Amino acid sequence: MMWGYITSKGKGILLPVESTINSAKYCQVLQDGLLPVADWYYPDDNYIFVQDNAPCHSSAQTREWLEERQIRVSQWPPQSPDINLIENVWRWMKIELQKSIDAIESRQDLIDSLQRIWREIPDEKVMELYHSLPTRMAAIVKSKGTMTKY
């Protein structure tokens, strides 16, 4: 499993995660992956962290960890892939990975390939996703919450 995040200014870090992720492991991933890049992109802490409603994201332990670090977290509607921008990034990565799938012979090869693909995604492409949010929101309102093209 891989964990990564994007910002309105570009990509964050992509980290491999061993096995199933529980709250303790998720908090460690945030410590190692979120904080260094968030501090660099947003030295004034002027950001809102967005995550979906996976159990380890919404657990008491994770909420406490985020509160202790004064990280503002957005309320995320359930079942909302239309506005979960990183889903687009995961899709791009899967498409790119398929192009070199025959060369992958080990778990490390897979991790290396995914990290290379992540690095090659232009930050501008990620920023375009953020610029598409008003259009995405309008489409969701128009569809009355049903599936959209996003």
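In case you missed it, the structure is sitting above this.
Residues numbered from 1 in each chain as written. Predicted model: local features only at pLDDT ≥ 70, side-chain atom pairs only at ≥ 80, totals over all residues. Heavy atoms only, no water.

Asker: Can you explain the side chain of S113? Please cite residues and give values.
Answerer: Along the chain, S113 falls in helix α5 (residues 107–120). Discounting residues that sit within four places of it in the chain, S113 has contacts with L97 and I104. (Helix = DSSP H or I, 4+ residues; strand = E, 2+ residues; numbered from the N terminus. Contact = heavy atoms within 4.5 Å.)

Asker: Describe the packing of aromatic side chains, and please don't skip the residues or the numbers.
Answerer: Taken as a whole, this structure holds 5 aromatic pairs when the rule is applied. An aromatic cluster of at least three residues, connected via ring pairs, comprises W40, Y41, Y42 and Y47. Looking at K125, its charged tip hangs above the ring of W92, at a distance of 4.1 Å from the centre. (Phe/Tyr/Trp six-rings, centres within 6.5 Å; stacked < 30°, edge-to-face > 60°. Lys NZ or Arg CZ within 6 Å of the ring centre and 35° of its normal.)

Asker: Go over the environment of N22 with me, naming the residues and quoting the values.
Answerer: Its location among the elements puts N22 in the loop between β2 (10–16) and α1 (23–41). For N22, a relative accessible area of 43% corresponds to the partly exposed category. Separated by 41 residues in sequence, N22 and R63 have C-alpha atoms that sit 13 Å apart. A polar atom in the side chain of N22 sits 3.3 Å from the backbone nitrogen of A24. Polar side-chain contacts of N22 include one of 2.8 Å to the backbone nitrogen of K25. (Buried < 20%, exposed > 50% of the residue type's maximum accessible area, 1.4 Å probe, protein only. Polar contact = N/O pair within 3.5 Å; in protein donor to acceptor, adjacent residues only side chain to side chain.)

Asker: Describe the pairing of β2, listing the residues and the values that go with them.
Answerer: For β2, the buried fraction is high: 5 of the 7 residues fall into the buried class. Pairing of strand β1 (residues 2–7) with β2 involves 5 bridges; the strand directions are antiparallel. Note that in β2 the partner of G4 across the bridge is L14. (Pairing = 2+ DSSP bridges.)

Asker: Got a sec to walk through the pattern of salt bridges? Specific residues and values, please.
Answerer: Applying the stated criterion across every chain, the model contains 5 salt bridges. E18 is paired through a salt bridge with R107; the nearest N and O atoms lie 3.3 Å apart. Here R107 lies in helix α5 and E18 lies in the loop between β2 and α1, a separation of 89 residues in the sequence. (Salt bridge = Lys/Arg side-chain N within 4 Å of Asp/Glu carboxyl O.)

Asker: Would you mind going over the nonpolar core in detail, with residue names and values included?
Answerer: W3, Y26, L30, L34, F49, W65 and I71 are the most contacted members of the largest nonpolar core, which totals 21 residues. Secondary structure elements with two or more residues in this core: β1, α1 and α3 (60–68). Counting residues per element, this core draws most heavily on α1, at 9 residues. Apart from the residues lying within four places of it in its own chain, the contact partners of F49 are Y26, L30, L34, L66, I71, R72, V73 and S74. In this structure, L85, I104, I111 and I121 belong to the second largest nonpolar core, which totals 17 residues. (Core = buried A, V, L, I, M, F, W, Y, C linked by side-chain atoms within 4.5 Å.)

Asker: Before we move on, can you summarise unusual backbone geometry with the specific residues and values?
Answerer: Positive phi, close to 60°, is recorded for D45, a residue that is not glycine. Along the polypeptide, D45 turns up in the loop between α1 and α2 (55–58). Classification of D45 by relative accessible area gives partly exposed; the value is 47%.

Asker: Before we move on, can you summarise the side chain of T62 with the specific residues and values?
Answerer: Within the fold, T62 resides in helix α3. Among the polar contacts made by the side chain of T62, one reaches the main-chain carbonyl oxygen of C56 at a distance of 2.5 Å.

Asker: If you had to explain the environment of A24 to someone new, which residues and values would you point to?
Answerer: Its place among the elements puts A24 in helix α1. Take A24: its relative accessible area is 42%, and that puts it in the partly exposed class. For the pair A24 and K142, spaced 118 residues apart in sequence, the C-alpha separation works out to 39 Å.

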